[in-house]
Amino acid sequence: KLGVLQEASQTEKDLVRVHGMIAEAGALFAQGTAESQRKALAEFQEAATVWRSLKDIDGEAFALNEAAQIEYRLGNLKQAAEQLDEALRLFRISGNRFGEVTALNTRCVVHTFSGESQKALELYPEALKLARAIKDHITEARVMSGLGAVLPRLGRMQEAIDVLNELISFAR
């Protein structure tokens with residue numbers, strides 16, 4: 001019994017530690033400087049490792065998704081894409097559809113800013129369908145906005161206008 005208690009105790013310690021890391025990363029991120037962003041990134045990456053050791057797929061996916069968003073803001077698009085792909089895979093395994101649509105939408109944005117507008121365009125309908133399925137209107141609006149921004153890059157102005165008009169109507 002003592003071994004089980006020690007194991008549970010270590011798990012509890014790890015949970016407290018990882019939640020502290022997430023809180024610290026959030027506080028660092030809020031500071032907004034490049035240095036604080038890099039520190040937040042390191043915290044989220046370490047948190048992903050701890051979540052993985054705890055076999056918490058959703059926690060790991062969350063931390064990877066947050067790290068990817070920082071990588072994107074720092075201009076590290078390749079690293080952001082890799083972390084988003086892994087977060088997306090894990091969210092799908094865990095069944096977290098909100099996490100999935102968030103990661104998918106951010107993946108579209110990264111594709112767009114990596115010069116891969118066609119790849120973004122291929123993923124946006126999936127993100128939009130998922131946002132609507134879970135009735136997440138804020139993410140739905142974000143996806144529509146991103147879709148409206150990528151279409152002109154592909155010379156599809158009228159479709160962009162239609163999407164953005166739909167977004168305006170949706171917002172009302």
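Presented here is a report on the structure given in the accompanying data block. (Residues numbered from 1 in each chain as written. Predicted model: local features only at pLDDT ≥ 70, side-chain atom pairs only at ≥ 80, totals over all residues. Heavy atoms only, no water.)

Let us now look at the layout of surface pockets. Volume-wise, the largest pocket comes out at about 260 Å³. Around the largest pocket, the lining residues are Gln 69, Tyr 72, Arg 73, Thr 102, Asn 105, Thr 106, Val 109, Thr 139, Arg 142 and Gly 146. Of all the elements in the fold, those that place two or more residues in the lining of the largest pocket are α3 (57-73), α5 (97-113) and α7 (137-153). For the lining of the largest pocket, the residue count by class is two nonpolar, six polar and two charged. (1 Å grid on protein atoms, 1.4 Å probe; cavity = no way out; pocket = protein on both sides within 12 Å on 5 of 7 lines; lining within 4 Å. Points joined across faces, edges and corners; volume = space filled by probe spheres on them. Helix = DSSP H or I, 4+ residues; strand = E, 2+ residues; numbered from the N terminus. Nonpolar A, V, L, I, M, F, W, Y, C, P; charged D, E, K, R; others polar.)

All right, on to helix α6 (residues 117-133) then. A rise of 1.5 Å per residue sets the reference length of α6, with its 17 residues, at 24 Å; its end C-alpha atoms lie 24 Å apart and thus fit the reference within 8%. Approximately 30 degrees is the largest bend angle found in α6, and it occurs at Leu 123, with the proline Pro 125 only one to four residues beyond. Taken together, the buried positions of α6 are occupied by Ser 117, Ala 120, Leu 121, Tyr 124, Ala 127, Leu 128, Leu 130 and Ala 131. In this structure, the buried side of α6 is in contact with α5 and α7. (Expected span 1.5 Å × (residues − 1). Bend = angle between axes of the 7 residues up to and from the residue. Buried < 20%, exposed > 50% of the residue type's maximum accessible area, 1.4 Å probe, protein only. Contact = heavy atoms within 4.5 Å.)

This brings us to the nonpolar core. Ranked by internal contacts, the top residues of the largest apolar core, which has 46 residues, are Ala 47, Tyr 124 and Leu 147. Where this core is concerned, the elements lending two or more residues are α1 (2-31), α2 (34-53), α3, α4 (77-94), α5, α6, α7 and α8 (157-171). If we ignore the near neighbours within four places in the chain, the residues touching Tyr 124 are Asn 105, Cys 108, Val 109, Thr 112, Val 143, Gly 146, Leu 147 and Val 150. (Core = buried A, V, L, I, M, F, W, Y, C linked by side-chain atoms within 4.5 Å.)

Of note, Lys 55 is a non-glycine position whose phi angle comes to about 60 degrees, a positive value. Along the chain, Lys 55 turns up in the loop between α2 and α3. Residues other than glycine seldom take positive phi values, yet Lys 135 does so here, at roughly 60 degrees. One can find Lys 135 in the loop between α6 and α7.

To continue, consider the packing of aromatic side chains. What characterises a pair of aromatic rings is the spacing of the ring centres plus the angle enclosed by the ring planes. Under the counting rule described, the total for this entry stands at two aromatic pairs. Aromatic pair Phe 44 and Phe 62: ring centres 6.4 Å apart, planes at 80 degrees, arrangement edge-to-face. Of this pair, Phe 44 sits in helix α2 while Phe 62 is found in helix α3, placing the two residues 18 residues apart along the sequence. Taking the relative accessible area as the measure of exposure, Phe 62 reaches 35% and is therefore partly exposed. A cation sits over an aromatic face here: Arg 153 above Phe 113, 5.1 Å from the ring centre. (Phe/Tyr/Trp six-rings, centres within 6.5 Å; stacked < 30°, edge-to-face > 60°. Lys NZ or Arg CZ within 6 Å of the ring centre and 35° of its normal.)

The analysis is restricted to geometry; functional conclusions fall outside its scope.
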